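Below, each chain spelled out in residue letters.
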Amino acid sequence: MTPLSQSWPDAFSARYRDRGYWRGETFPAMLRDRAAAYPDRIAITDGGLRWSYAELNDRARRFGAGLLALGLRPGDRVLVQMGNIPAFFPAVFGIFAAGMIPVYALPAHRRTEVAHLAETSEAAAIVTQGRIGGFDHAGLGLSLAVAHVIVAGDTPEGAIPMETVAGDPATLPADPDPQSVAFLQISGGSTGLPKLIPRTHDDYIYSLRESAAICGLDRESVFMATLPVAHNFTMSSPGTFGALYAGARVVLCPSPRPDVAFPLIRREGVTITGLVPPLALLWLDAAEREAPGLSSLRIVQVGGAKFLPESARRVEPLLGCRLQQVFGMAEGLVNYTRLDDPDVVVTGTQGRPISQDDEILILDDAGNLVPDGMPGNLLTRGPYTIRAYHAAPSANARSFTEDGFYRTGDIVIRRPSGHLVVQGRANDQINRSGEKISAEDVEDLLLGHPDVFDAVVVSIPDSRLGERACAFIRPKGAPPRPADIRRYMRGREVAAFKIPDEIRFVHEFATTAVGKISRRQLRDMLRDEVLAEE
Ligand code: J2J
């Protein structure tokens, strides 16, 4: 088995410990301590079933001991593919308690991704559920080259029902080294298959402890997981793990649709939740049609992709709570707008880093520092940003500098206050005959049109211009005419080269596994069309 590691040079580790970031906390100890401190408080609910901290800890420990009884060993990797169901938590915390390593897959992943994750992590087992949204995940698990397939709920022949995986907690090993790898998270994967991200107990717990503080979580808070639970945003910013760290309650939402999520927020008194921009637009649209009555909700976080100012300004008036923008990545660095930032900062930036020791470099393509206010490539290193992917030498050579900075692939501007404004991915920019067009800029303009629900601008290869811009528009009702859109843009007095060369209307956008709009798919489609014409 390829060993797992994630390490920082000694001088950095010493600094991160000295400054109190890394405190030697571990996930098994975290849950055990919370269960001892407030056994009867509710940790997890799906609106029906309720597990207290003591019950969750007990279930996790019995499940972990059950994994050992199956013959699995500490250090083994266990792939987890589950939807937003309570069983996810005893599964993951049970794997931790047994000294094993969860590897997170998202429910939207299919054979290609799941087989890739199982293979690269050398998974010895998979924990999954029968069906998620009609797809047979247990069947997929059984078809993989994995020794044990454990299933929550309806279990097919050949798989092991999760409730039968139970052992004596006395057989569990001692707590792991806080510097050791706790789990493998997966990269957002804008290119190719997801890469595996080894995160340590110390580094991840630091990021979720600070995130919980930044979001003001305490034992009275109620965090709702609206996005998939296994995604890094939902898990740690501050997410379900941050909520458990703070002794708060986690509510699992089975679907992000407003007709499911709004009643659950009202019933459970949810105080905070996180969304990706396409979902935020759906919620805003629903709230515009009928007052949502979400009086318990204090914070709606939006992140994962750029939330444009035109949309951001609608959140507080329509949902009646504070907006928090979150710009994070599973590799580490997370930025938040703070709850007391001025409104223009909250609607117009993607926040600032968690830590004083998050080092930020913004470089031009030649590797020179750019001044504040100018866009450049974001590189970062710090107390919770990885120094290497697992078993990926060529990705590591591309993604990390020699002195350990992670190349995020994001283009950002830094304001003098330290807040970052994301301009897009390095490859989102449209280079139209040398004129650089920011897709986000044009999208924000398009969102101001009264008939536009959402818009995405991508490049099309062009034999004359190099690239030209195509706007995909999801209209609110009947599509306006492209000429109306162009006239509207001219009326906003923008450079003529920013007016999209092509305008197309769509009913919906293809999305990634966590629900971000997939620009890659739109670009690929256009590229295929161009190639077909040639
Ligand atoms: C623009 N782009 C953003 C934002 C992420 C918290 C929040 C999100 C993630 C996440 C996460 C963005 N505006 N507000 O892990 O803990 C894009 C960037 C980034 C990539 C990372 C978290 N927030 N992005 O989305 O690993 O391009 O993490 O580099 O899935 O999403 O994707 P991922």
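Residues numbered from 1 in each chain as written. Predicted model: local features only at pLDDT ≥ 70, side-chain atom pairs only at ≥ 80, totals over all residues. Heavy atoms only, no water.

1. Some thoughts on the domain arrangement of the chain
Keep this limit in mind: Domain extents, as shown, originate in an automatic or database domain assignment.
The domain boundaries assigned to the chain delineate domain 1 (52–175) and domain 2 (427–533). Once you take the C-alpha centre of each, domain 1 and domain 2 turn out to be 42 Å apart.

2. Details of the packing of aromatic side chains
What counts here: Between rings of Phe, Tyr and Trp, where Trp is taken as its six-membered ring, a pair exists when centres lie within 6.5 Å; planes separated by under 30 degrees are stacked, by over 60 edge-to-face, and by other angles tilted. Put simply, DSSP H or I for four residues or longer makes a helix, DSSP E for two residues or longer makes a strand, and each gets a number counted from the N terminus. Partly exposed describes any residue whose relative accessible area lies between the buried limit of under 20% and the exposed limit of over 50%, with all areas from a 1.4 Å probe on protein chains only and scaled to the type maximum. Note on criteria: charge over ring means Lys NZ or Arg CZ within 6 Å of the ring centre, with the direction from the centre no more than 35 degrees off the ring normal.
The full count for this structure, using the stated rule, is 23 aromatic pairs. Judged by centre distance (5.9 Å) and plane angle (70°), the ring pair of Tyr206 and Tyr384 falls under edge-to-face. Note that Tyr206 is positioned in helix α7 (residues 201–214) and Tyr384 in the loop between β20 (376–381) and α14 (393–399), a separation of 178 residues in sequence. Accessibility expressed as a relative area gives 0% for Tyr384, which makes it buried. Geometrically, the ring pair formed by Tyr389 and Phe400 is edge-to-face, given 5.7 Å between the ring centres and 65° between the ring planes. Within this pair, whereas Tyr389 is found in the loop between β20 and α14, its partner Phe400 is found in the loop between α14 and β21 (406–414), the two being separated by 11 residues in sequence. Looking at Phe400, the relative accessible area reads 7%, which means it is buried. Every member of this aromatic cluster is reached through a ring pair, and the members are Phe27, Phe88, Phe89, Phe93, Phe96, Tyr104, Phe183, Tyr204 and Phe241. Above the plane of the ring of Tyr245 lies Arg34, whose end atom (NZ or CZ) is 4.5 Å from the centre. Above the ring of Phe12, the side-chain terminus of Arg387 is found at 4.7 Å from the ring centroid.

3. Regarding the packing of helix α10 (residues 258–268) against helix α11 (residues 277–289)
Cut-off, in case you're wondering: Lines fitted to the C-alpha atoms define the axes, with helices restricted to the stretch that makes contact. Angles between their N-to-C directions range from 0 to 180 degrees. Each angle receives one of four descriptions, namely roughly parallel if under 35 degrees, roughly antiparallel if over 145, roughly perpendicular if within 65 to 115, and oblique otherwise. Only heavy atoms matter for contacts: two residues are in contact if any of them lie within 4.5 Å across the pair. Any residue that is not Ala, Val, Leu, Ile, Met, Phe, Trp, Tyr, Cys, Pro, Asp, Glu, Lys or Arg is counted as polar, Gly included; the first ten are nonpolar and the last four charged.
Running from N to C, α10 and α11 point in directions that differ by 75°, and their axes come no closer than 10 Å. Compared by their axis directions, α10 and α11 come out roughly perpendicular. Here Pro258, Ala261, Phe262 and Ile265 of α10 come into contact with α11, specifically with Leu282, Trp283 and Ala286. Here the residues of the contact of α10 with α11 sort into 7 nonpolar, no polar and no charged.

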